[in-house]
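An overview of the molecular structure
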Amino acid sequence: MNEDLRNIVLGVVAAGVSAALGWAFRTYLWRRKLRRKQAFFGLPGNSECLLVVNRDADGAVHRFDVFALLELSALIKDCGARAQILRHDVAQLGFGERTEFCVGGPFSNRRTAAHLGSLLPGVRIDTETATGPERAAFRIGAEHYRLEAGSTEYVLLARLTAGEGGRPVFLFCGQRAVTNQAATRYLARHHEKLARKHGSGSFVLLLKVVNTQAYGPDVVELVADVTRTAQTPAPADEPDPAPAPAQ
């Protein structure tokens, strides 16, 4: 074998080794990223989770909530898990054994109302006022957040761990359906950052959705991390939130 042929063979071998090492490294990074995503969402491969669906007063699922469910379904599929869809009024289950994604405020989702009472006692949401500035207003500790439909709207995005199984409950509790989708989109875009900051622990974020009349669910601002306040029981003289209306 002359010198030129030897160099060609060595070059081919080196290229093959480099390609194999590059493929192995990329595969390692992809698997590590997937494991972190699965850990954050509590969705190991081939596991099952719950998608709890809310209903409007007329019994229908709002189109923005349908879009929110589709975005969550994509996240679940990426983790290699499966989703079981349940209506809010038949989801009579505990929490912790399976990851749960609960969409909708206490107006249309009894499951959300139960989670707020059990896991977020510092949050009060006005479900009684039908019209006026207090309709759907949030009270978190001493702070008050009113709905300005189409202009400034708020939504709670929470990851809560409770129960024996340790699997999280994700809440998307907005003042309007469009804000529920905004929260699911925010989670899809920022879950890596949230996982680095909060790990596998609980968090409650208050998000503001800006000018939905023009931008829909796309323009979202983080108002505050309200985890501690939301998990601290409100003073006894404050009334509890009204239960969700019967469907």
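Our subject is the structure that appears above.
How each quantity is defined
Residues numbered from 1 in each chain as written. Predicted model: local features only at pLDDT ≥ 70, side-chain atom pairs only at ≥ 80, totals over all residues. Heavy atoms only, no water. Helix = DSSP H or I, 4+ residues; strand = E, 2+ residues; numbered from the N terminus. Buried < 20%, exposed > 50% of the residue type's maximum accessible area, 1.4 Å probe, protein only. Contact = heavy atoms within 4.5 Å. Areas by Shrake-Rupley, 256 points an atom, 1.4 Å probe, with all protein chains shown as cover. Salt bridge = Lys/Arg side-chain N within 4 Å of Asp/Glu carboxyl O.

1. Regarding the overall build of the protein
For the protein, the count of helices and strands is six helices and 10 strands. When the 247 residues of the protein are sorted by exposure, 42% land in the buried category. Long-range pairs, those at least 24 residues apart, make up 68% of the contacts in the protein with a sequence separation of at least 6. Entry remark: accessible area of the protein is about 13000 Å², with carbon and sulfur atoms responsible for 53%.

2. With respect to the side chain of glutamate 100
The topology assignment puts glutamate 100 in strand 3 (residues 100–103). Excluding residues that lie within four positions of it along the chain, glutamate 100 makes contacts with Leu50, Val52, Arg111, His115, Pro168, Val169 and Phe170.

3. Structural notes on the pattern of salt bridges
Opposite charge on two side chains permits them to pair, given that their charged atoms come into close proximity. Considering all chains together, one arrives at 10 salt bridges under this definition. In this structure, glutamate 153 and arginine 176 form a salt bridge, with 3.1 Å as the shortest nitrogen-oxygen distance. Here arginine 176 lies in the loop between strand 8 (168–174) and helix 4 (177–198) and glutamate 153 lies in strand 7 (residues 152–161), a separation of 23 residues in the sequence. Judged by relative accessible area, glutamate 153 falls into the buried class, the value being 0%. Notably, a salt bridge pairs aspartate 218 with arginine 185, separated by 2.2 Å at the nearest N-O pair. Linking aspartate 218 in the loop between helix 5 (212–215) and strand 10 (220–225) with arginine 185 in helix 4, this pair joins segments that are 33 residues apart in sequence. On the basis of relative accessible area, aspartate 218 is assigned to the partly exposed category, the value being 39%. Each of the salt bridges in this network shares a partner with another, and the network as a whole consists of Glu71, Arg185, Arg189 and Asp218.

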